Amino acid sequence: LVECNVRCHGGIAIMCVKSAEVALDNCCVGGTADGCQRASDGIVAMCDATCSLEESIIEFSSNVGVLAHVGKSEATVSNCTLRHNFIASGVDDAATLSLCGNRFVDNVHGAVFVGRDAALAEVELSHNEIHGTLWLGSKTALASLSETGNTHIQSPVRFNSAPLASSAIPVAQHSGREGDGSGNGAG
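Visitor: Describe in detail the overall build of the protein, supporting the description with residues and values.
Guide: Scanning the protein from terminus to terminus reveals 0 helices and 21 strands. Out of the 187 residues in the protein, the part that is buried amounts to 47%. Taking all contacts inside the protein whose residues are at least 6 apart in sequence as the whole, residues at least 24 apart take part in 52%. Surface exposure of the protein reaches about 8,100 Å², of which carbon and sulfur atoms provide 51%.

Below is the structure:
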């Protein structure tokens, strides 16, 4: 889909299942505003589905903006803005989540959620601008992790207002399962 607007209130805006292949370019996905006008989730890839988003906006999700889980599902998000979600993105089971060149802003609980069953999951974070909390869940639980060239700007989440003053902190570059899982770049 190109230049689409997929919105819903209370449900999942787009669910990709059973080996489906979905590609979105220059689209807006999620709810329409805060409160009861939020989607439960923006895009969910499950049961071996593949989902690709480029130059899109994923916003106003009460749970996760982009979620890859159940089986070997894949979600690739490139040059997008993930904003005003409870959690921007997530991975679990044996899924793969690739996040490259994105901007994460005003997400309540983090840019990347790692589920409790993510021992076979893979995450790639490359050249993203991340405002607020980076990790929710332990990144050491992942089978594979690659982090390169990300900028982490620690700032409190403030919906419907300008963020408070913040400082840019480059995230350490590393691959593998090393690190303390805190998301602060140590490791």
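Visitor: Quick rundown of the sheet that holds strand β2 (residues 12-16)? Include the residues and the values.
Guide: Spatially, 6 strands are ordered β2-β5-β8-β11-β14-β17 in an open sheet, and the strand pairing comes out parallel. In this open sheet, the two edge strands, each paired with only one partner strand, are β2 and β17 (135-136). Two elements, strand β11 (residues 87-91) and strand β14 (residues 112-114), share 3 bridges in a ladder whose sense is parallel. Bridge pairing links Val91 to Val114 in β14.

Visitor: Just give me the short version of the nonpolar core, but keep the residues and values in it.
Guide: Ranked by size, the top nonpolar core spans 40 residues in total, and within it Leu24, Ile43, Leu53, Leu82, Val123, Trp135 and Leu142 carry the most contacts. Top element by residues in this core is β2. It accounts for 3 residues. Setting aside anything within four residues of it in sequence, one finds Leu53 in contact with Leu24, Ile43, Ile58, Thr76, Val77, Ser78 and Cys80. Listed in part, the 5 residues of the second largest apolar core include Val44, Met46, Leu67 and Ile87.

Visitor: Go over the state of the cysteines, please, and point to the residues and values.
Guide: Enumeration over the complete set of coordinates arrives at 1 disulfide. Cys4 shares a disulfide with Cys27; S-S distance 2.4 Å. The sign of the S-S torsion, about 115°, decides the handedness of the disulfide formed by Cys4 and Cys27: right-handed. Placement of Cys4 in the segment before β1 (5-7) and of Cys27 in the loop between β3 (21-25) and β4 (28-30) is noted, with a sequence separation of 23 residues between them.

Visitor: Let's hear about the side chain of Ser40: which residues, and what values?
Guide: Summarising the element assignment, Ser40 is placed in the loop between β4 and β5 (41-45). Among the polar contacts listed, one links the side chain of Ser40 to the backbone nitrogen of Ile12, at a separation of 3.5 Å. Once you skip the residues sitting within four places of it in the chain, Ser40 turns out to touch Gly10, Gly11, Ile12, Ser61, Ser62, Asn63 and Val64.

Visitor: Got a sec to walk through the confidence of the model for the protein? Specific residues and values, please.
Guide: Per-chain confidence: the protein averages 86 in pLDDT, with 82% of residues scoring 70 or above. Throughout residues 159-187 the model reports pLDDT below 50, and contacts reaching past four residues in sequence, or to other chains, amount to 62 contacts.

Visitor: Break down the pairing of β5 for me, citing the residues and quoting the values.
Guide: When you tally the buried positions in β5, you get 5 out of 5 residues, the bulk of the element. When β2 meets β5, the two strands line up parallel, connected through 4 bridges. Residue pairing across strands places Met15 opposite Val44, the latter belonging to β5. Relative to strand β8 (residues 64-68), β5 is paired through 3 bridges, and the arrangement is parallel. If you follow Val44 over to β8, its bridge partner there is Leu67.

Visitor: Describe in detail the side chain of Ser78, supporting the description with residues and values.
Guide: Checked against the element boundaries, Ser78 lands in strand β9 (residues 74-78). Excluding residues that lie within four positions of it along the chain, Ser78 makes contacts with Leu53, Glu54, Glu55, Cys100 and Asn102.

Visitor: Give a description of the pattern of salt bridges that names residues and reports values.
Guide: A complete count under the given rule lists 5 salt bridges for this structure. Arg7 is the salt-bridge partner of Glu59, the closest N and O atoms lying 2.8 Å from each other. Here Glu59, found in strand β7 (residues 57-59), pairs with Arg7, found in strand β1; they are 52 residues apart in sequence, far enough to count as distant. Under the relative-accessibility criterion, Arg7 is labelled partly exposed at 27%. Here Glu147 ties to Lys139 by a salt bridge, and the two come within 3.2 Å at their closest N and O atoms. Under the relative-accessibility criterion, Glu147 is labelled buried at 0%. For Lys139, a relative accessible area of 1% gives the class buried. Taken together, the shared-partner salt bridges connect Arg7, Glu59 and Arg83 into one network.

Definitions and cut-offs
Residue numbering note: each chain is counted from 1, following its sequence as written. This being a predicted model, a pLDDT of at least 70 is required before a residue's local features are given, and a value of 80 or more before pairs of side-chain atoms are given or counted; all residues contribute to the totals for chains, interfaces and linings. For side-chain calculations, the full set of non-hydrogen atoms in the structure is used, while hydrogens and water are omitted. Helix and strand assignments follow DSSP, with helices taken as H or I runs no shorter than four residues and strands as E runs no shorter than two, numbered in order from the N terminus. Throughout, exposure labels follow a simple rule: accessible area from a 1.4 Å probe, protein chains only, divided by the maximum for the residue type, with under 20% read as buried, over 50% as exposed, and the rest as partly exposed. We call two residues in contact when some of their heavy atoms are within 4.5 Å. Note that accessible areas follow from Shrake-Rupley with a 1.4 Å probe, and for residues the cover is restricted to the protein chains shown. When DSSP finds two or more bridges between a pair of strands, those strands are recorded as paired. By nonpolar core is meant a set of buried Ala, Val, Leu, Ile, Met, Phe, Trp, Tyr and Cys residues that side-chain atoms within 4.5 Å join together. By definition, disulfides here are pairs of cysteine sulfur atoms that lie within 2.5 Å. Distance and chemistry together define a polar contact, namely a pair of N or O atoms within 3.5 Å, with one atom able to donate a hydrogen and the other to accept it when in protein, and with adjacent residues in sequence counting only for side-chain atoms on both sides. You can read pLDDT as the predictor saying how much it trusts each residue, on a scale of 0 to 100. Each reported salt bridge corresponds to a side-chain nitrogen of Lys or Arg within 4 Å of a carboxyl oxygen of Asp or Glu.

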